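Residues per chain are reported as follows:
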Amino acid sequence: MAHIPRVASFFLFLTKLSLGQREVTIQRGPLYRAEGYPISIGCNVTGYQGPSEQHFQWSVYLPKAPTQEVQIVSTVDATFSYAVYAQRVRSKGIYVERVRGNSVFLHIAKLQLKDSGEYECHTPNTDERYYGNYSAKTRLIDFTLIPGPSYTERFAAGEVLLNKLGVTTFRLSIGRLQPSDQGQLFCEATEWIQDPDETWTLITRKQTAQTALRIQPTVKDFQVNISAESMFTAGKSLELVCLVVGGGWDPQLQGVWFFNGKEVARMDAGGVLDLKRGYKERAIQGQLQVSKLSPKAFSLKIFSVGPEDEGAYRCTVAEMARAQMGSWQVLQSKQSPDTRVHLRKPAARNVVLFTKSKLQAVWEGEALTLLCKTDGAESLLSVEWWHFPQGRTQQEFVAGMRQDGTVQQGPSSKGHARLEKIDWATFQLEISSTTITDSGVYECRVSESTQNLARDWSWTQKLAVTVKSLESSLRVKLMSRQPQVELAHTFGLSCIVEADYPNLGMLLTVTWQFQPATSQVFHPLVRITHNGTIEWEDFLSQFQKKTKVLQSSFHSQLLVHDATEEEAGVYQCQVEVYVRNSLCTGSPARASAISHSLMIAVSLPESKLQVNSSSQVQEISITSNTVIECGILSRSAGDLQLAIVWYFSPSSANTTWLRILQMDQTSVVKYGDEFHTPGRKQKFYPEKVSQDLFQLHILNMEDSDQGKYLCAVEEWLLSTNGTWHKLGEKKSGLTELKLRPTGSKIRVSKVYWPGNATEHGEVAIHCSMESFGSLASLFSVTWYRNRENSGRKMLVHLQHDGLLEYGEEGLRQHLYCYRSSPTDFVLKLHRVEMEDAGLYWCRVTEWQLHGNPSKWVNQASEESQHVVLRVLPSEPTFPSRVCSSTSLLYFLCACPCVLFILLLISLLCVHQKARKLSALSLKAQQEKSLWVSLKGPGDWTTNRKEEEDN
């Protein structure tokens, strides 16, 4: 409530203001305040119109930018404060207190040096018109209190204060007096003047008379005790604490340590330490330390205790006071009872060996931490760790630590083993990154030796540890929500890694592999390493342009956009597991696994194409033009293109559909085989009216144009690799075009005539008109043939002007067409072949002159009955019959050979028989010659006669 008088005087001053117009008044300045102190600045408005409760906005103009407004706080706008003041406003370090509806105070709880400046109080307008002043300003000068070097901490703690009681009066307050405060006190004042350039100049300095301040010490009784363990272990540390109980709040104490009645160390009230001979060397070597733990506690600490330290310890504490000349004088002195310290003798110990995780199985790559803990009295211990590998009996030295802390590494540790002493009785062995070979039995050997014992004591404990293979529990799954993906759509593959060690901080490298539908080999696509690097392979480079890879700890996702047939095939992912601690050594993967294969099929999307299927009939005047429309009712979504094919079925052919033209998905127009002539192209042409409407224009309607028309609409999708895919096809309803009757009629004979022709002969097929129209008409005839499995074919066309047009140039030598009479047309085939058999018919068309200039126009046409032509083989000759019969031909060839052989055999037989007869005849003649010689001539006659008779 210290500011109530100021508030009262302030509002008394405000009552003197006029009420005729708006007037804003603020506390007059300059206002002088010290840094760190609070300030309150009042502001009032009078002569205003509108609500009784007015709003106020406070700003400041800082010396470094006197024309720039810095907004501090407002009663109407919570966001009014600039950033430099926003935090202090939110924490209520700066706030506005409303005294009345038209009066407020600006409170700053703790001034800062940067708060100096010109403060402005502004009231937003609530009047019907601007009249008066709406803001007022005052200057705040902030002074800084600077304590002396010896009083900085006490000034910050609020024990030393300097208050301004008036314009010329200041007060110094010192709390919690200390002996150092004793001395001569005086006040020095300086007077300054400000020049027109706003600089300050010292003009005078004066001091008050000195005042003597004497501090009388307050003496209170106290007691001294030593806190320490009575038993100690050789080589360990020993600390004795001398505690002062009672006495003053902050006494000046001196401590002295005695061992077996002799002084060893002294620390005076000023903190100066004096060590006696022998102990000074130990302190220099870091084996001994004397310190003051608190104003009432002294410490003597021996870091490595030996048998020579066994004995009685005592401390003496004296309360001191600084004398007039600066020396210390003893106010009172107390000593503690003797405290005996004994050397502890070694005793039997129990050793416990366990893992830090309480589990005897760890995963490969995981850290294995073994703790070896012993009990008993504290002493200097050494430890050795041994390993019995699984399946082996020979032990291996892992690591050891001597009593002095020296560590030895075994040859098998390879730098991965770390030995640490947790406390005097606990030793820790940590293998940072385990392998399978680290499985086995571990042994901890704890040894103790003292200076006064002849031998060391040792204790052992064993523990079996298993290192589990990472690969044994590594499982990889490959999943996809869209194994059947539509062309140009996106499909995703998820490679999910499952293991029984998700919290080990393992790092994964994932390789995506792909086997195209046309291949039997998997190819790597992309590799995402454990450090996030994405490495794309050269195989199927289009994957990199359209594929997105996402990867988290145990999940890798492959997103393929704009799918084509090239992405159809079998996918799989391979996962390699790395241990984080082994990355810097370049170690290979600790485990790897491959997922099952997953087939991705790319299919065409379902077509939503619908075409107007309603049918209609149009009657068209001859030589007039017409349009046939093809309307699209609905189509598939996406960037699809349409191809339009127009078909025509002449009235004379109930089942034959001819392709007029096709406008493909790239808007290229191609005419059918029978509409490829220039005249036909001029007669039929397409037009794309809109995205959903296509038209076929038919010019100069003729009799031959009568028939049924339809359009086939095809939906095509262009894939990213430039391939077109047909999604669907729909046909429109039929549009039948008929000519309006002109009064001219033509009738062709429908009499069935089964014709036969002989091979290599000639045949004539007749086509007769039973009636026709005007005598001014001319007629043309077209002959057709339909052979089995070959379809309809135009043979020859006799035009109305007598010109002949053949369907194929090769037919000119084989057939001929002419008009034998005004009503008869003849098709004559020369040298008929067997392949000429089939159906023949004619189409007669009537032509008349129309228009100006005159033009021959098709008036009417009609087809004849189909004629079945059979081709009979010609009569065969003897040579042809012989050649046509294989068996007869073989007989005629073989028979002469057989007869010749039989004749040859007969001749041989006759020849052989002739030789025999000749031999017999010769023998008989010899015998007769002998008889003649014996009987004489008379007998020869008789014998001759007998031979003649014979």
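Residues numbered from 1 in each chain as written. Predicted model: local features only at pLDDT ≥ 70, side-chain atom pairs only at ≥ 80, totals over all residues. Heavy atoms only, no water.

### What to know about the overall build of the chain
Inference 1: Of regular secondary structure, the chain possesses 9 helices and 69 strands.
Inference 2: Considering the chain as a whole, with its 950 residues, one finds that 38% of them fall into the buried category.
Inference 3: Put simply, of all contacts in the chain between residues at least 6 apart along the chain, 59% involve residues at least 24 apart.
Inference 4: Summed over its atoms, the accessible surface of the chain is roughly 54,400 Å², and 53% of this surface lies on carbon and sulfur atoms. (Helix = DSSP H or I, 4+ residues; strand = E, 2+ residues; numbered from the N terminus. Buried < 20%, exposed > 50% of the residue type's maximum accessible area, 1.4 Å probe, protein only. Contact = heavy atoms within 4.5 Å. Areas by Shrake-Rupley, 256 points an atom, 1.4 Å probe, with all protein chains shown as cover.)

### Some remarks on the confidence of the model for the chain
Fine structural detail should not be taken from predicted coordinates in areas where pLDDT scores are low.
Inference 1: The predicted model of the chain averages 82 in pLDDT, with 88% of residues at 70 or higher.
Inference 2: The secondary-structure element of the chain with the lowest mean pLDDT is helix H9 (residues 937-949), recorded at 36, while strand S55 (residues 693-698) shows the highest, at 94.
Inference 3: Low pLDDT, under 50, characterises residues 1-19; the stretch is placed with 19 contacts to residues that sit more than four places away or in other chains.
Inference 4: Contacts of residues 928-950 to residues separated by more than four positions or lying in other chains number 2 contacts, the stretch itself having pLDDT below 50. (pLDDT = per-residue confidence, 0-100.)

### Re the state of the cysteines
Inference 1: The tally for this structure, following the rule as stated, stands at 6 disulfides.
Inference 2: Between the sulfur atoms of Cys630 and its disulfide partner Cys711 the distance amounts to 1.9 Å. Measuring the twist about the S-S bond at about 70 degrees, one finds the Cys630-Cys711 disulfide to be right-handed. Of this pair, Cys630 sits in strand S50 (residues 626-634) while Cys711 sits in strand S56 (residues 707-718); the two residues are 81 residues apart in sequence, bridging distant segments of the chain. (Disulfide = S-S within 2.5 Å.)

### Concerning the sheet that holds strand S34 (residues 426-431)
Inference 1: Spatial strand order, S27-S29-S34-S33: 4 strands in an open sheet with antiparallel pairing. Here the strands that pair on one side only, and so sit at the sheet edges, are strand S27 (351-355) and strand S33 (417-423). Geometrically, the sheet is characterised by an average inter-axis angle of 20 degrees between neighbouring strands, direction not taken into account.
Inference 2: Inspection of the sheet shows S27 paired to strand S29 (residues 368-374) by 5 bridges, in the antiparallel sense. Its bridge partner lying in S29, Phe354 is registered against Leu371. (Pairing = 2+ DSSP bridges. Axes fitted to C-alpha atoms, helices over the stretch in contact; angles between N-to-C directions.)

### Regarding helix H2 (residues 83-90)
Inference 1: Along H2, the residues that are buried comprise Tyr85, Ala86, Arg88 and Val89.
Inference 2: Packing partners of the buried residues in H2 comprise strand S4 (57-61), strand S5 (70-74), strand S6 (94-100) and strand S7 (103-108).
Inference 3: Two residues or fewer after H2 comes Lys92, characterised by a positive phi angle close to 65 degrees.

### Observations regarding the side chain of Thr138
Inference 1: Mapping Thr138 onto the fold places it in strand S9 (residues 135-143).
Inference 2: A distance of 3.2 Å separates a polar atom in the side chain of Thr138 from the backbone nitrogen of Gly29.
Inference 3: Beyond its immediate stretch of four places on either side in the chain, Thr138 contacts Ile26, Gln27, Arg28, Gly29, Leu31, Ile41, Gly117, Glu118 and Tyr119. (Polar contact = N/O pair within 3.5 Å; in protein donor to acceptor, adjacent residues only side chain to side chain.)

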